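# Survey of secondary and tertiary structure
Below, each chain spelled out in residue letters.
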Amino acid sequence: MSRMSLRAKLGAVAAAGVVALGTGVLAASPAQAAGPWHGCPSGAACVYPRDAGWNNDRPSHIYWGGVYKLYNQEGTHFVVNNQTQGWKVRLCFDAGGTDCDRYVQPPGTTWQVNLSPMNSIKLSAG
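Residue indices follow the written sequence of each chain, beginning from 1 at its first position. Note on the predicted model: pLDDT of at least 70 is required for a residue's local features to be given, and 80 or more for side-chain atom pairs to be given and counted; whole-chain, interface and lining totals, by contrast, use all residues. Each side-chain value is derived from all of the structure's non-hydrogen atoms; neither hydrogens nor water enter the calculation.

## Here's the deal with the pairing of strand β5 (residues 76-82)
- Buried residues are those whose accessible area, probed at 1.4 Å on protein chains only, stays under 20% of the maximum for their type, while exposed residues exceed 50% and partly exposed ones sit between those limits. Strands are runs of DSSP state E lasting at least two residues, helices are runs of H or I lasting at least four, and both sets are numbered from the N terminus onward. Of all seven residues making up β5, six are buried, and the element is well covered by its neighbours.
- Pairing of strand β2 (residues 44-47) with β5, which is carried by four bridges, proceeds in the antiparallel orientation. Of the residues in β5, the one forming a bridge with Val-47 is Val-79.
- When β5 meets strand β8 (residues 109-114), the two strands line up antiparallel, connected through six bridges. In the sheet register, His-77 faces β8, and the bridge partner there is Val-113. Strands were regarded as paired on the criterion that DSSP finds at least two bridges between them.

Shown next, in the form of structure tokens:
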């Protein structure tokens, strides 16, 4: 195999990966993560700014385990679960981290979701 054909093949693989990442991220329902997430560290969950373009935007909020009240999170946002070891993200209607059963996100996924009715985000194992 010549050097040029190897470069061409590597370029094609990289381009296919970018296309696959773009389609998964823009899905309205949870999509499998292809990571790395733009600015969302491993072990964290992140919320991206409203109307964010995925390519260069950084998260507006980064969360590490526990329950957090959501403030000023109106409209549709990307929510990324970049946690490990089975930790889930739950979006909750109650400010205290309850009433979360409808919005559960497993590790390695992203959502595009309306946060207007949500009052807290809960990160927990299992």
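## With respect to the nonpolar core
- Of all hydrophobic cores here, the largest spans 13 residues; its most connected members are Val-79, Leu-91, Leu-115 and Ile-121.
- Where this core is concerned, the elements lending two or more residues are β2, β6 (87-92), β8 and β9 (120-125).
- Throughout, a residue-residue contact means that at least one pair of heavy atoms, one from each residue, lies within 4.5 Å. Among residues more than four places away in sequence, those in contact with Ile-121 are Val-47, Tyr-63, Gly-66, Val-67, Tyr-68, Leu-70, Val-89, Arg-90 and Leu-91.
- The next biggest cluster of nonpolar side chains, apart from the first, holds six residues, and it includes Cys-40, Ala-44, Cys-46 and Phe-78. The criterion is simple. A nonpolar core is a set of buried Ala, Val, Leu, Ile, Met, Phe, Trp, Tyr and Cys residues joined through side-chain atoms within 4.5 Å.

## Some remarks on the state of the cysteines
- Counting rule for disulfides: a pair of cysteine sulfur atoms within 2.5 Å. With the rule as written, the count across this model stands at two disulfides.
- Sulfur-sulfur distance for the disulfide between Cys-40 and Cys-46 comes to 2.1 Å. The chirality of the disulfide connecting Cys-40 with Cys-46 is right-handed, given an S-S dihedral of about 95 degrees. Like Cys-46, Cys-40 is buried.
- The partner cysteine of Cys-92 in its disulfide is Cys-100, sulfur to sulfur 2.0 Å. One disulfide, between Cys-92 and Cys-100, carries an S-S torsion of 100 degrees and so falls in the right-handed class. Of the two residues, Cys-92 and Cys-100, neither departs from the other in class, the shared state being buried.
- For the chain, the bonded cysteines pair up as 1-2, 3-4 when numbered in the order they occur along the sequence.

## A few points about the sheet that holds strand β7 (residues 104-105)
- Spatially, the four strands line up as an open sheet ordered β4-β9-β6-β7, and their pairing is antiparallel. Edge strands, defined here as strands with exactly one partner in the open sheet, are β4 (66-69) and β7.
- Of the pairings in the sheet, the one linking β6 to β9 comprises six bridges and is antiparallel in character. Across the sheet, residue Arg-90 finds its bridge partner in β9, namely Lys-122.

Structural measurements only, silent on function.
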